[in-house]
Amino acid sequence: MNEHYLDNAATTKPCEAAVAAMMRCFQENYGNPSSLHRIGLYAQQEMDHARKVLAAALGCDVREILFTSCATESTNMALRSTAAAYGRKRKKIITSAVEHASVKQTLRHLAENEGFEIIEIRPDETGTYRAGDFAAAADENTCMITMMMVNNETGHVLPVKEVFSAVKRRFPHIITHCDAVQAFMKYPVRPYQLCADLISLSGHKIHAAKGVGALYVKKGTKLRALLLGGKQENSLRAGTEGVPLIAGFGAAVEALAPTMESRFQYVKSLNAALREKLNQLPGVRILSPEDASPYVMSIIVPKIRSEILLHYLEQKGVYVSSGSACSKGAGSGVPEMFGAAREEADSVLRISFSSENTMDDVDAAAEGIAAGQMEIMHK
Ligand code: PLP
C-alpha cells in the first residue's frame, strides 16, 4: 500500500541534509562543545554553523539566536522571561484567541499565579483578524503582546507585522513575541520587518529532528533562564547542547531556504487541486480560506466524527489529523472561532502538506474522503 503522509503540521520527515548533519555529529563530531580540546571544538563549530544559518534566514545577528529543545520551550521562555523582566508593574498581556497550547497554557499560568490579565482577541464573524483590534487593546499597562503568524489548525495567517508595528509605534515599551512555528521556511520571517522582539521556532516542523527549537531574542531584550546550571547559550539555557539536533536544524534551514518561494508555489498548486476535488464532494466544507497558508487545510466532513474518518483514511494509507481534538478529545475551540458551527467541531479534519507531497497524495486524500463519506455514513 502506498503511504500518503499529509500530517506535516504535526511533524515532518527529516530531510537528507538534516540526517547527514546529524549522522556526522553522532559519528564524528560527537564532542561536548564546552570541552577545550579539538573534538569539542568540532562540535562547537557545528553549532556555530547552524546558528549562522538560522541568523541568515531571519536576517539577524548570530548572538540573537538561542537554541532550545523545542518551540514549547521557546514560547515558555519568551513569555515567562518577559513577564518576569517587564511585568512587575505592567500586568496586561494581549494575545490572539487561537494560539497553540504552549502559549495558551503559559499565559494561563501567568494569569493564575502571577496576577496577569490576559486579553484574548478573537477574529471577527468572518474569521478574519483585524490588526486594529489588537492595537486598540494596547495601553500603558501592557507588558507584552504575543501572537502566532500561521495558525496550526487552519492555516489562517495573522497580521503580525501590522499589529506589532502599530503597537510599537504607540507603546515602544511593549515586548512583542511571535510564534512563527508554522510560518518559518514557508513565509519570510524577518524580526526586523515584523517588529518582533522574540520569535519561537521549531526544528521538526521544517524537516529537522524532533527535540530542537530556537528563540530569536532581539539584542537588548531581557531574558531569564528557565534551566540553571552551566554557562551554555550565554548562561540562558544550561545543559549540554543537543549538537546533532542543532546541526540538523541548521542543515534543514540551509537546504530549504533557497527554494522557499518555489516550494510555496508548488504546495499552493497541491492545495488548489485538493480544494477543487473536495468542492465536488457533497457537504464537505473547507474551513481554511483561500488566503490561508497553503500548507494547512482544515475541512469539515459533516456528520462523521473526525477520529472515525482519520482511522478510515489510515487504512488507505492516508495520514491526516483531527483538527479540533488536539488534546485527547478536548477541542481547542479554534475551528469554531474561525467559523465552524459547534456541531461541526467534531468533524474537522486537518490535511497538512510539505513539498515532498505529490498529486498522488492529493488524489488519495480526496478519494479516501469520498469513499469514507459513502461507507461510514451508510454503515
Ligand atoms: N506553536 C505552534 C503553532 C505549533 O504548531 C507547535 C507544534 O505543534 C508548537 C508551537 C510547539 O512546537 P514543539 O513541538 O517544537 O514544542
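Residues numbered from 1 in each chain as written. Predicted model: local features only at pLDDT ≥ 70, side-chain atom pairs only at ≥ 80, totals over all residues. Heavy atoms only, no water.

Q: Can you lay out the sheet that holds strand E2 (residues 65-68) for me, pointing to particular residues and giving the numbers?
A: With respect to topology, 7 strands assemble into an open sheet ordered E2-E8-E7-E6-E5-E3-E4, the strand pairing being mixed. The two strands at the open ends of the sheet, each matched to only one other strand, are E2 and strand E4 (117-121). Here the strands of the sheet are splayed against their neighbours by 20° on average, with no regard to which way each runs. In terms of strand pairing, strand E6 (residues 175-179) meets strand E7 (residues 198-202) through 3 bridges, oriented parallel. Across the sheet, cysteine 178 pairs through a bridge with isoleucine 199, a residue of E7. Contacting E2, E7 and strand E8 (213-217), helix H2 (residues 38-58) crosses the sheet at an angle of about 120° to E2. Where helix H4 (residues 101-114) meets the sheet, it contacts strand E3 (92-96), E4, strand E5 (142-148) and E6, and its direction lies at approximately 160° from that of E3. (Pairing = 2+ DSSP bridges. Helix = DSSP H or I, 4+ residues; strand = E, 2+ residues; numbered from the N terminus. Axes fitted to C-alpha atoms, helices over the stretch in contact; angles between N-to-C directions. Contact = heavy atoms within 4.5 Å.)

Q: Tell me about the confidence of the model for the protein, and please be specific about residues and values.
A: Residue-level pLDDT values for the protein average 96, and 98% of them are 70 or greater. The low-confidence segment residues 324-328, where pLDDT is below 50, has 11 contacts with residues more than four positions distant or belonging to other chains. (pLDDT = per-residue confidence, 0-100.)

Q: Which residues make up the pattern of salt bridges, and what values go with them?
A: Opposite charge on two side chains makes pairing possible when the charged atoms of those side chains draw close. By the definition in use, this model includes 13 salt bridges. We note a salt bridge from glutamate 46 to arginine 24, for which the minimum N-O separation is 2.7 Å. Taken together, the positions of glutamate 46 in helix H2 and arginine 24 in helix H1 (residues 16-27) put the pair 22 residues apart, joining distant regions of the chain. Judged by relative accessible area, glutamate 46 falls into the buried class, the value being 8%. Residue arginine 24 is classed as partly exposed on the basis of its relative accessible area of 33%. In this structure, arginine 90 engages glutamate 140 in a salt bridge whose closest nitrogen and oxygen atoms are separated by 3.3 Å. Residue arginine 90 is located in the loop between helix H3 (71-86) and E3, and its partner glutamate 140 is located in the loop between helix H5 (131-137) and E5; the two are separated by 50 residues in the primary sequence. On the basis of relative accessible area, glutamate 140 is assigned to the partly exposed category, the value being 47%. Here the residues in one salt-bridge network are Asp124, Arg130 and Asp133, joined through shared partners. (Salt bridge = Lys/Arg side-chain N within 4 Å of Asp/Glu carboxyl O. Buried < 20%, exposed > 50% of the residue type's maximum accessible area, 1.4 Å probe, protein only.)

Q: Describe the domain arrangement of the protein, naming the residues involved and giving the relevant values.
A: The domain boundaries assigned to the protein delineate domain 1 (4-13 + 259-377) and domain 2 (16-257). The centre of domain 1, based on its C-alpha atoms, is set 27 Å off from the matching centre of domain 2. Counting residues at the interface gives 29 residues for domain 1 and 28 residues for domain 2. Here domain 1 and domain 2 share an interface that buries about 2500 Å² over both sides, 56% of which is from carbon and sulfur atoms. Three residues stand out in domain 1 for area buried against domain 2, namely Met260, Met337 and Phe338, and they jointly supply 30% of the buried area on that side. At the surface where domain 1 touches domain 2, the tally comes to 0 salt bridges. The interface formed by domain 1 and domain 2 contains 18 residue pairs in polar contact (both at pLDDT 80 or more). When contributions to the side of domain 1 that touches domain 2 are tallied by element, the ones reaching two or more residues are helix H10 (260-279), strand E10 (296-300) and helix H12 (334-337). (Domains from an automatic or database assignment. Buried area = accessible area lost by both parts, 1.4 Å probe. Polar contact = N/O pair within 3.5 Å; in protein donor to acceptor, adjacent residues only side chain to side chain.)

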